[in-house]
Structures are given as C-alpha cells and as structure tokens.
Amino acid sequence: MSRKIVTLSAAEARAIWLRAQKLDSAAPFGAGPQAAHAAIAHLGYVQIDTINVIERCHHHILYSRIPAYRRGDLETLQSQEKSIFEYWTHALSYVPLADMAFFLPAMNAYRQNPNSWFGTVSREEISAMLRRLKSEGPLSIRDIADDELVDKTHPWASRKPSKRVLQSMFYQGLVAISARQGMVKTYDLIGRHFGWAKRPRPASDRQVTAYLLDRALRSQGLVSLDSICHLNAPAKKAVAELIDARARRRQLVPVVIAGAEHAPHWARPEALAGAAPGAPRVHVLSPFDPLIIQRKRLKLFFGYNHVFEAYVPAARRQYGYFALPIIVGDQIAATVDFKTDRAAGRLLVQKWSWLTDPGAEAKAAIDAELGRFENFQLGR
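About the criteria used
- Residues numbered from 1 in each chain as written.
- Predicted model: local features only at pLDDT ≥ 70, side-chain atom pairs only at ≥ 80, totals over all residues.
- Heavy atoms only, no water.
- Helix = DSSP H or I, 4+ residues; strand = E, 2+ residues; numbered from the N terminus.
- Buried < 20%, exposed > 50% of the residue type's maximum accessible area, 1.4 Å probe, protein only.
- Contact = heavy atoms within 4.5 Å.
- Polar contact = N/O pair within 3.5 Å; in protein donor to acceptor, adjacent residues only side chain to side chain.
- Phe/Tyr/Trp six-rings, centres within 6.5 Å; stacked < 30°, edge-to-face > 60°.
- Core = buried A, V, L, I, M, F, W, Y, C linked by side-chain atoms within 4.5 Å.

(A) Main features of the environment of H283. Examined against the element boundaries, H283 turns out to sit in strand β10 (residues 282-284). Classification of H283 as buried rests on a relative accessible area of 8%. Setting aside anything within four residues of it in sequence, one finds H283 in contact with L23, S64, P325, I326 and I327. Of the polar contacts made by the side chain of H283, one reaches the backbone oxygen of L23; its length is 2.9 Å. Within polar-contact distance, the side chain of H283 engages the backbone oxygen of S64 at 3.4 Å.

(B) Here's a closer look at the packing of aromatic side chains. Counted under the stated rule, the structure contains 21 aromatic pairs. Relative to F302, the ring of W17 lies with its centre 6.0 Å away and its plane at 55°, an arrangement referred to as tilted. One end of the pair, W17, is in helix α1 (residues 10-20); the other, F302, is in helix α12 (residues 295-302), with 285 residues separating them in the sequence. Here the two residues W17 and F302 agree in accessibility, since each one is buried. Between F102 and Y211, the aromatic rings sit 4.4 Å apart at their centres with planes inclined by 5°, giving stacked as the arrangement. Within this pair, whereas F102 is found in the loop between β4 (92-96) and α5 (104-112), its partner Y211 is found in helix α9 (residues 205-220), the two being separated by 109 residues in sequence. Classification of F102 as partly exposed rests on a relative accessible area of 24%. Classification of Y211 by relative accessible area gives buried; the value is 9%. Site record: aromatic cluster; members linked through ring pairs are F85, Y87, W88, F102, F103, Y110, F170, Y171 and Y211.

(C) Structural context of the nonpolar core. The biggest cluster of nonpolar side chains holds 84 residues, and the ones touching the most others in it are L62, I228 and I326. Of all the elements, α9 adds the most residues to this core, at six residues. Beyond its immediate stretch of four places on either side in the chain, I326 contacts V282, H283, V284, Q331, I332, A333, A334, V336, W352, I366 and L370. With 23 residues, the next largest nonpolar core counts A13, I16, A260 and L285 among its residues.

In structure tokens:
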C-alpha cells in the first residue's frame, strides 16, 4: 500500500521547525540552571566554539531560548550538578548526561583506533597521565608546568605534549572535562568526576540509530536524512532503514516542501498539527545556532544562504567577519557583524546588511531586541 505524502508550504515548514527549536515563544524553558538543562536536553546538544568577538556560541544559543539565561548556569550544570558533559556531536558540544550511553560506543572506538589528529599518543603517555590525575586530582593544561615544549603541528595545536595526551584521553572516554573557564578546560578521571561505581553500559548500534532519529525529530520537527546525519554520513544507511520501518508503521509521515520536491522529509503525525506561523518574534542568532548551522537546510526552508566569513579574506566578505542572522517571525530580515568593545562597554556594529524590508514595526522590535542583546553581551 502506498503511503500518502503530505505537501507543506515553505511557511508551514518554517513554522514547524521554529516550533521544534523553541524560537516561537517567549521563555519556553523558564529560567535558571534547570532551564539551561531543559534546553540542552530538548535540542540534544549545544555547540561550543572558541570565537569570542561577541559572546561564545554556547552561551549565545542558550540565551536565544532563555531570556533570563546567565553564564554561570552552564557551570552549575557541568561542574556542580554534573548533569551535562562535553563530547563531539558534529562539533564539540554540551550534551545531557542522560544521553551518555549513546556516546560510549564512539569513545570505545577511539580507544581501539585513536584519532591521528592528536598525533601518536602512546600507552605509556596515557598511563603516566592517568597516574598523575589519580595523585594530583583534576588538571588543566595550565596546571602542568613540567612539559618539554615542542613545535606546533597545526594552528590549533599546543606546544605542550600533555594537551595532546589529554585530548586523546578525552575522546577515548578516559577523562571528562570537569570545568571550563573560557576555553581553558580542566580534566578529571571520568569515573571520579561522575561518581561512577561502574562504567555505564554503551548503547547498541540500533539504539544509537534510534537516538539520532529521535533527537532530530524532537529538535527539528521536519527531518531529512541529511539533517539527521549532519556531518555523520556513515550513519545514513541505518537511519534510512529505520525511517522506512517507522513510516510503514505510520509512525512517520512522508513530507515534501512545495518547491523542493527533490528533498524528501518526514515528520511525526503530531508535528504536522497546526503547522502555521505563530506571532512574530525577533532573535539575533549565532552562526552556530542549530537553526543556522545546517546551511543547505537553512537555504531550503528560509531561502537564505548563510556564509561563515571569518575564514574568508576581508576583501571578499559580503556580510562581515562574524555576521549574525536576525530573524523576525519566520523571515531572516538582516545580518549584523558585531564586535564587543569590552573596555568601552559597547557593542560595535561593523556592518549591517538588510536582506528584506520588514517594515517599521518590525524594525522597532529589532532595535529593542538589539538593546537586550547588548546588555547580555556586556553582562548588564
């Protein structure tokens, strides 16, 4: 029996995605550390990044969904409650501790075949660092002063060999990042940090596949194979098989977006209910926000092609070094390239680019949101 395909307008598709991203309501998660935890759990992960011309993206992403967000909320979750952890999704991210089992297989795989990005890390080096952590307690790279410095092998490398060892151990699941000050990470033995009497059991391959699909359905509303497996091509075959199985059981509905029939999508039946734009809201989004980071999906839904120009030569930049998309309702109205002058206590506009004319009322709402955004940037 053939399955009925639902056709949605681009506006309906955007409404579903914005609703799933919790960008269509004022304070969907409440306030305080538990709001930050709820946001991370709902989104599945929040990306961490080093660029700080404005506030780093992990804080920015949470601020976009939690108006009362405070930077210390993440510290509370990571170092005190220990209800989130850092690991690699499509990038280094904060992930709910409840999802740890789905990342243990990747950690085990790293132990079997350590990533060459960190160079060769011997068992002896790892054993020595384990002994050191056991005897000295949690360590950051700044706490290690007895390294013999070496030349860097790439721009993001460290001259301290201990950093390479700790990074390799992190991906192998031997240590956890127990605290973070900016980009300075403190490492602890993973079992000691989380208080494990016994290491949790890793999820099976089938459970990991279901996790990837369910995470995307929850945070994206409408999903495609590419959006589920963003930068994770090896997972596509198993995910496609699971989608097909759920669609046969009517747990997923095949969807096409008008004008983009070449790109099949799926949704849970309940996600399609009330697929209409809500009240317009204004957000100044990070280029690493889950709504922005998947560029092809963003172009498909919003007709906007975001280019991250930090690594583009200055003369060739169109929108600026670190342009932030400004969304009004379900339209990306402008981009603004900000820089924080922390000494003067000001947020500087390097470049402003209107993509559409949203009208006087929307422009006033943008101005109000920019004032709130500046206060957040400067910690007011």
